[in-house]
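Architecture and fold: a report
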Amino acid sequence: MKQILLNNGVKMPVEGYGVFQISDEAQCEQCVLDALETGYRLFDTAAAYYNEAAVGRAVRESGIPRDEIFITTKLWVQDAGYDQTLAAFEQSRKNLGLDYVDLYLIHQPFGDYYGAWRAMEDLYREGIVKAIGVSNFSPERIVDLCMNHEIKPSVNQIEIHPFYQQEEALRVMRSYDIVPEAWGPLSEGQKDIFHHRTLQKIAQRHGKTTAQVILRWHFQRGIVTIPKTVHKERMKENMDIWDFELTQKDMKEIEAMDIGHSEIIDHRCFCTARQLNSIKIHD
């Protein structure tokens, strides 16, 4: 697995496995075991996914040395704030059953994320988190966070796929040496992306699938991806992107697919702020 160097010197795999919406613990554990066997070493979970324990069990049961596996989890809005973040992290670490977490992210740009970030800086200094970052932060919030804190985020995990390419966000992240990580890198299957005419033509030229073309496109843009599937054959397929390279023509054709906005979620909408602030993941 190829790796990318974060701004603090930590190495992160460029492709991983996401467990969002795999709520059944037994299924989640088996999926992570299958992904580990397939060769994945980056795993992305969150307190709000309710499957940290399953991920942790699979990691421990795999027999693979802990330092070869990169684990990401996230802080939910309800737990933003300095003291709440420290407590929430300890709960996540307990759920995972691990001594440390490789990457800890603020899940949403709402609530007291300033207080949360100060707590995460302290967790990083203690060494029980190897890197800290954010998720779903738009460019102006990234700039604001960077200009008012000592430690810059190492990663910003946002929605990126051919229909929503986020060029401005990528430019801002590059200016602060922040690695972009795509959630929903395959557009969550929306707009019949796997049968999109442009992607199918490119896939035929390279003897690959449309999913492989999309994941390779992300890699060539310097973006980490965490595709999710519960099928082992798809896991293998998603990994098989290292023996070909998209041409400039291919990249231009995919660039033309961008519609410039999300059709999944709009984090700048007041309705989204209201909805995400209302979700409670514990009493």
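Scroll up a little and you will see the structure.
Within every chain, residues take consecutive numbers counted from 1 along the sequence as written. For this predicted model, a pLDDT threshold of at least 70 governs which residues receive local features, and a threshold of 80 or more governs which side-chain atom pairs are given and counted, while totals over whole chains, interfaces and linings are taken from all residues. Here the side-chain values reflect all heavy atoms present in the structure, with hydrogen atoms and water set aside.

1. Observations concerning the sheet that holds strand E7 (residues 129-135)
Selection rule: Two strands form a pair only when DSSP identifies at least two bridges running between them. Per the convention used, a helix needs a DSSP run of H or I reaching at least four residues, while a strand needs a run of E reaching at least two, with both numbered from the N terminus.
Spatially, E3-E4-E5-E6-E7-E8-E9-E10 is the arrangement adopted by the 8 strands of the open sheet, whose pairing is parallel. Both outer strands of the open sheet, strand E3 (17-18) and strand E10 (224-225), are each paired with one neighbouring strand and no more. The pairing of strand E6 (residues 101-106) with E7 spans 5 bridges and is classified as parallel. In the strand pairing of E7, Val101 is matched with Val129.

2. As for helix H9 (residues 232-239)
Our working rule: For each residue, the accessible area found with a 1.4 Å probe, counting protein chains only, is set against the maximum for its type, and the residue is called buried under 20%, exposed over 50%, and partly exposed in between. This arc is taken over the directions from the axis of the helix to the C-beta atoms. Here, two residues are considered to be in contact whenever any of their heavy atoms come within 4.5 Å of each other.
Taken as a whole, H9 has its buried residues at Met235, Asn238 and Met239. Along the axis of H9, the buried positions cluster into a sector of 100°, meaning they face one direction only. The elements touched by buried residues of H9 are E3, helix H1 (25-38) and helix H8 (210-220).

3. A few points about the environment of Ala87
Along the chain, the position of Ala87 falls in helix H3 (residues 82-96). Residues Ala87 and Met173, spaced 86 residues apart in sequence, show a C-alpha to C-alpha distance of 29 Å.

4. A word on the packing of helix H4 (residues 113-126) against helix H5 (residues 139-147)
The following threshold applies: In this description, a line fitted to the C-alpha atoms serves as the axis of each element, helices being fitted only across the stretch in contact, and the angle between N-to-C directions of two axes falls anywhere from 0 to 180 degrees. Just so you know how the angles are binned, under 35 degrees is roughly parallel, over 145 roughly antiparallel, 65 to 115 roughly perpendicular, and the rest oblique. We call a crossing left-handed when the near helix sits turned anticlockwise from the far one by less than a right angle, and right-handed when that turn is clockwise.
The geometry of H4 relative to H5 is characterised by a closest axis approach of 11 Å and an angle of 50° between their N-to-C directions. In terms of axis orientation, H4 runs oblique to H5. Like other packed secondary-structure pairs, H4 and H5 cross with a definite hand, here right-handed. In this structure, H4 uses Tyr113, Tyr114 and Trp117 to contact H5, whose residues at the interface are Arg141, Asp144 and Leu145.

5. Section: the pattern of salt bridges
Applicable threshold: Salt bridges are identified by distance alone: a Lys or Arg side-chain nitrogen within 4 Å of an Asp or Glu carboxyl oxygen.
Taken as a whole and assessed by the stated rule, the structure comprises 17 salt bridges. The closest approach of N and O atoms between Arg268 and Glu140, which form a salt bridge, is 3.2 Å. On the criterion of sequence distance, the pair formed by Arg268 in the loop between helix H10 (248-255) and helix H11 (270-278) and Glu140 in helix H5 is long-range, its members being 128 residues apart. A residue is classified by how much of its surface remains accessible, and Arg268, at 55% relative accessible area, is exposed. In this structure, Arg205 engages Asp250 in a salt bridge whose closest nitrogen and oxygen atoms are separated by 2.7 Å. Of this pair, Arg205 sits in helix H7 (residues 197-206) while Asp250 sits in helix H10, and the two are 45 residues apart along the sequence. Given a relative accessible area of 1%, Asp250 falls into the buried group. Residues participating in the shared-partner salt-bridge network are Glu25, Glu29 and Arg57.

6. Describing the packing of aromatic side chains
The line we're drawing: Planes of paired rings set the category: under 30 degrees apart is stacked, over 60 is edge-to-face and the rest tilted, where pairs are Phe, Tyr or Trp rings (Trp by its six-membered ring) whose centres lie within 6.5 Å. Our definition puts a charge over a ring when NZ of Lys or CZ of Arg is within 6 Å of the ring centre and also within 35 degrees of the ring normal.
Under the counting rule described, the total for this entry stands at 7 aromatic pairs. Here Phe20 and Tyr49 contribute two aromatic rings whose centre-to-centre distance is 5.1 Å and whose plane-to-plane angle is 45°, an arrangement assigned as tilted. In this pair, Phe20 is assigned in the loop between E3 and H1 and Tyr49 in the loop between strand E4 (42-44) and helix H2 (52-62), connecting sequence segments 29 residues apart. According to the relative accessible area criterion, Phe20 is partly exposed, its value standing at 37%. Looking at Tyr49, the relative accessible area reads 13%, which means it is buried. Summarising the aromatic geometry, the rings of Tyr113 and Phe137 are spaced 5.0 Å apart at their centres and angled 75° between planes, so their arrangement reads as edge-to-face. A residue pair is termed long-range when its members are at least 10 positions apart, and Tyr113 in helix H4 and Phe137 in the loop between E7 and H5 qualify at 24 residues. In this structure Phe137 comes out as buried when scored by relative accessible area, which is 2%. Among the aromatic residues, those joined into a cluster by ring pairs are Tyr17, Tyr40 and Phe43. In this structure, Arg66 is placed above the aromatic ring of Tyr100, and the distance from its NZ or CZ to the ring centre is 4.1 Å. Its end group placed over the ring of Phe244, Arg216 keeps NZ or CZ at 5.9 Å from the ring centre.

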